[in-house]
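Tertiary structure, described
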Amino acid sequence: MKRTSVVIAAVCAAALGSPAVASAAPGTQRTLQRDADVLVANGSPGALVELSTPRGSVKVRSGHGDLRTGSPMPWNAHFRIASFSKTFLSATMLQLVGEGRLSLEDTVDRWLPGVVSGNGNDGRAITVRQLLQHTSGLHDYMAELDLFTEKGFLRHRFDKLSASEAVKLAVGKPPEFAPGTSWGYSNTNYVLAGMVTEKVTGRDWQQEIAARIIRPLDLRETSLPYTSPFLPTPHARGYDRFVVEGSNPPRLGRQVDVTLMNPSAGGGADGSINSTTEDGNKFLRALLGGKVLKPALLAEMKKTVPAPGLGEYGLGLVRLTSSCGAYWGHGGSLPGNSTGNGVTEDGKRSVMVSLNTLTPYHPDAELPSGNPLDPVIDHALCGRE
């Protein structure tokens, strides 16, 4: 695969046909370009990185957005942000808390009586806070879907599963732990959070996010696809290699085009928003800069519990540590898409990274335990200009 590597700067934006972006220190720009090139060299078809600071933004890209045509990653590519959507929903619900329409200590059963019951699951013992913080103990409904093998994904990628059906799958299994006693990432939590939002407001969760987050922040390239399998243009095609069934140690198979899929399995509140690197940065900087939530509510969002293997989890926000200090973010992944991000405590500096694959590794590579996006985020947030 021939690798395309382009660096953007304001002085040559017109010549390259790329978006005009304020200049950054050459060292930072070179580092980000090198990081994007490494992601492609290690197996991602393409990579797009955008750093946003008070002085402006810098964007770099590497590799291909379409392996059939050899075209590069689009500069303004739309992509599925997957679980980064949880940050949008959590901020929306915290606004409702600030309006006195909802309490973080409300039980699930108060708003959804009888929905979480059976097999040791009890909505009377689970709070809204525990949903948003992944401390409910509820089983992850995604574990019950046949989407994680090549055959399963190709067979079921257009299936439609309602929020209620997703919750039924989850409560068909016993909880992983008693509410509030541990931490465990479960998409079921945010499916229920979306259902609670709809009960509180009388509107679906997509409408609430659009009215409270997307339109006020002028996130013009952020959209809510419902069950549409298509991405807005421009976009890269998504590719993945699934683990070969029965391989030990796990081995990745052939590369599959997975661009088309229903992103809203389970109702979509757990991760179906489409966006861009520019809009993602705009949201993160506004959130940590105090433009989305009042200080007391942002403080609630940033109250964390240990999240083994991830960092410290707040309410739809993860606290992580870089080489220059703590930062906040929330990654996301779906077949054909992987996004990582980070924003400094003061909201002044943020970065979005988008890959058009969930598995940025060569077939014969040993699958690493760490996140390959971490070095990119660290270099972006800790660079000096």
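Reading the values: rules and limits
- Along every chain, residues carry numbers that run from 1 in the direction the sequence is written.
- For this predicted model, a pLDDT threshold of at least 70 governs which residues receive local features, and a threshold of 80 or more governs which side-chain atom pairs are given and counted, while totals over whole chains, interfaces and linings are taken from all residues.
- For side-chain calculations, the full set of non-hydrogen atoms in the structure is used, while hydrogens and water are omitted.
- Here, patches come from residues exposed beyond 30% relative accessible area and free of salt bridges, joined within 9 Å for like charges and within 5 Å for nonpolar side chains (Val, Leu, Ile, Met, Phe, Trp, Tyr).
- Exposure was quantified through the Shrake-Rupley algorithm and a 1.4 Å probe, taking into account, for residues, occlusion by the shown protein chains and nothing else.
- Each salt bridge in this description consists of a side-chain nitrogen of Lys or Arg and a carboxyl oxygen of Asp or Glu lying within 4 Å of one another.
- Helix numbering and strand numbering both begin at the N terminus, where a helix is a DSSP run of H or I of at least 4 residues and a strand a DSSP run of E of at least 2.
- The criterion for a disulfide is a pair of cysteine sulfur atoms lying within 2.5 Å.
- In summary, the pairing rule links any two rings of Phe, Tyr or Trp, Trp by its six-membered ring, whose centres are within 6.5 Å, and it sorts them by plane angle into stacked for under 30 degrees, edge-to-face for over 60 and tilted for everything else.
- For the exposure calls, accessible area comes from a 1.4 Å probe over protein chains only, and a residue counts as buried if that area is under 20% of its type's maximum, exposed if over 50%, partly exposed in between.
- Under this scheme, a helix contributes an axis fitted over its contacting stretch, all axes are lines through C-alpha atoms, and angles between N-to-C directions fall in the 0 to 180 degree range.
- Every angle not falling under 35 degrees, over 145, or within 65 to 115 is termed oblique; those three ranges are roughly parallel, roughly antiparallel and roughly perpendicular.
- Note on contacts: a residue pair qualifies if any of its non-hydrogen atoms lie within 4.5 Å across the two residues.
- Put simply, Ala, Val, Leu, Ile, Met, Phe, Trp, Tyr, Cys and Pro go in the nonpolar bin, Asp, Glu, Lys and Arg in the charged bin, and everything else, Gly too, in the polar bin.
- In this description, a nonpolar core means a group of buried Ala, Val, Leu, Ile, Met, Phe, Trp, Tyr and Cys residues linked to one another through side-chain atoms lying within 4.5 Å.
- The span expected for a helix works out to 1.5 Å for each residue beyond the first.
- This arc describes the spread of directions from the helix axis toward the C-beta atoms.
- By the convention used here, strands pair only if DSSP detects at least 2 bridges between them.
- The pLDDT score gives, residue by residue, the confidence of the prediction method on a 0 to 100 scale.

**Concerning a nonpolar patch on the surface**
A cluster of nonpolar residues, F158, F230 and L260, forms a patch on the protein surface that exposes about 290 Å² of accessible area. Note on placement: L260 falls in the loop between β9 (252-257) and β10 (274-275).

**Quick word on the state of the cysteines**
All chains considered together, the criterion is met by one disulfide. Disulfide partner of C324: C382, at an S-S distance of 2.0 Å. In this structure the cystine formed by C324 and C382 twists about its S-S bond by roughly -80 degrees; its chirality is therefore left-handed. Of this pair, C324 sits in the loop between β13 (318-322) and β14 (325-329) while C382 sits in helix α12 (residues 374-382), and the two are 58 residues apart along the sequence.

**Here we look at the packing of aromatic side chains**
One pair of aromatic rings is described through two measures. These are the centre distance and the angle between the planes. Tallied over the entire structure, the rule returns seven aromatic pairs. Plain terms: the ring middles of F88 and F283 are 3.9 Å apart, the flat faces sit at 25 degrees to each other, and that makes the pair stacked. Residue F88 is located in helix α3 (residues 85-98), and its partner F283 is located in helix α10 (residues 277-288); the two are separated by 195 residues in the primary sequence. Judged by relative accessible area, F88 falls into the buried class, the value being 1%. Note on Y185 and Y313: the rings are 6.4 Å apart at their centroids and 75 degrees apart in plane angle, and the pair reads as edge-to-face. Remark: Y313 occurs in strand β12 (residues 311-313) and Y185 occurs in the loop between α7 (163-171) and α8 (187-201); sequence separation between them is 128 residues.

**Observations concerning the packing of α8 against helix α9 (residues 205-214)**
At a minimum axis separation of 8 Å, α8 and α9 run at an interaxial angle of 75 degrees. The orientation of α8 with respect to α9, classified from their angle, is roughly perpendicular. Together, G194, T197, E198 and T201 of α8 and W205, Q206 and E208 of α9 make up the contact between the two elements. Across the contact of α8 with α9, the residue classes break down as one nonpolar, four polar and two charged.

**Remarks on the packing of helix α2 (residues 26-41) against α12**
Where α2 contacts α12, the axes come no closer than 10 Å and their chain directions differ by 175 degrees. Between α2 and α12, the crossing angle belongs to the class labelled roughly antiparallel. Residue-level contacts link T31, L32, D35 and L39 of α2 to P375, V376, H379 and A380 of α12. Its residues assigned to classes, the contact of α2 with α12 comprises five nonpolar, two polar and one charged.

**Some words on the nonpolar core**
The nonpolar side chains of soluble globular proteins are, as a tendency, buried together. In this structure, F88, L102, L192, I213, L287 and M301 are the most contacted members of the largest nonpolar core, which totals 74 residues. When residues of this core are traced back to their parent elements, those giving at least two are α3, α4 (108-111), α5 (128-133), α7, α8, α9, α10 and α11 (295-301). Those residues in contact with I213 that lie beyond four places of it in its chain are F88, A91, T92, Q95, E208, L219, F283 and V292. Residues A36, L51, V58 and L373 belong to the second largest nonpolar core, which totals 18 residues.

**Let's talk about α2**
Taking 1.5 Å as the rise per residue, α2 with 16 residues should run 22 Å; its terminal C-alpha atoms sit 22 Å apart, in good agreement. For α2, the set of buried residues is T28, Q29, T31, L32, Q33, D35, A36, D37, L39 and V40. Once α2 finishes, G43 follows within two positions and takes phi at roughly 135 degrees, a positive value.

**Things to note about α7**
When we look at burial in α7, the residues that qualify are A163, A166, V167, A170 and V171. Projection of α7 onto a plane perpendicular to its axis shows the buried side chains occupying an angular sector of 125 degrees, all on one side. Its buried side turned inward, α7 meets β6 (117-118), β7 (121-122) and α8.

**Some points on the pairing of strand β3 (residues 56-66)**
Counting buried positions over the eleven residues of β3 gives ten, a clear majority of the element. With two bridges joining them, β3 and strand β4 (residues 71-72) adopt antiparallel strand pairing. When the sheet's bridge partners are listed, D66 is paired in β4 with S71.

**Observations concerning unusual backbone geometry**
What is expected of a backbone is that most residues other than glycine have negative phi and most peptide bonds are trans. In this structure, P234 follows T233 across a cis peptide bond, with omega equal to -5 degrees. If you trace the backbone, P234 turns up in the loop between α9 and β8 (239-243). Notably, D218 is not glycine yet its phi reads approximately 55 degrees, a positive angle. Relative to the helices and strands, D218 is located in the loop between α9 and β8. Although it is not a glycine, Y226 sits at a positive phi angle of roughly 55 degrees. Look at Y226 and you get partly exposed, because its relative accessible area is 39%.

**Let's talk about the pairing of β8**
With respect to burial, β8 is a largely interior element, four of its five residues being buried. In this sheet, β9 lies alongside β8 in antiparallel orientation, the contact comprising four bridges. What sits directly across from Y239, in β9, is D257.

**Brief notes about the confidence of the model for the protein chain**
With 92% of its residues at a pLDDT of 70 or more, the protein chain has an overall mean of 92. Low pLDDT, under 50, characterises residues 1-23; the predicted model gives this stretch 57 contacts beyond four residues in sequence or across chains.

**Let's talk about the environment of M301**
Of note, M301 is situated in helix α11. Sequence separation between M301 and L315 is 14 residues; the distance between their C-alpha atoms is 4.7 Å. Beyond its immediate chain neighbours, meaning those up to four positions away, M301 contacts T87, S90, A91, L94, L287, L293, G314, L315 and L317.

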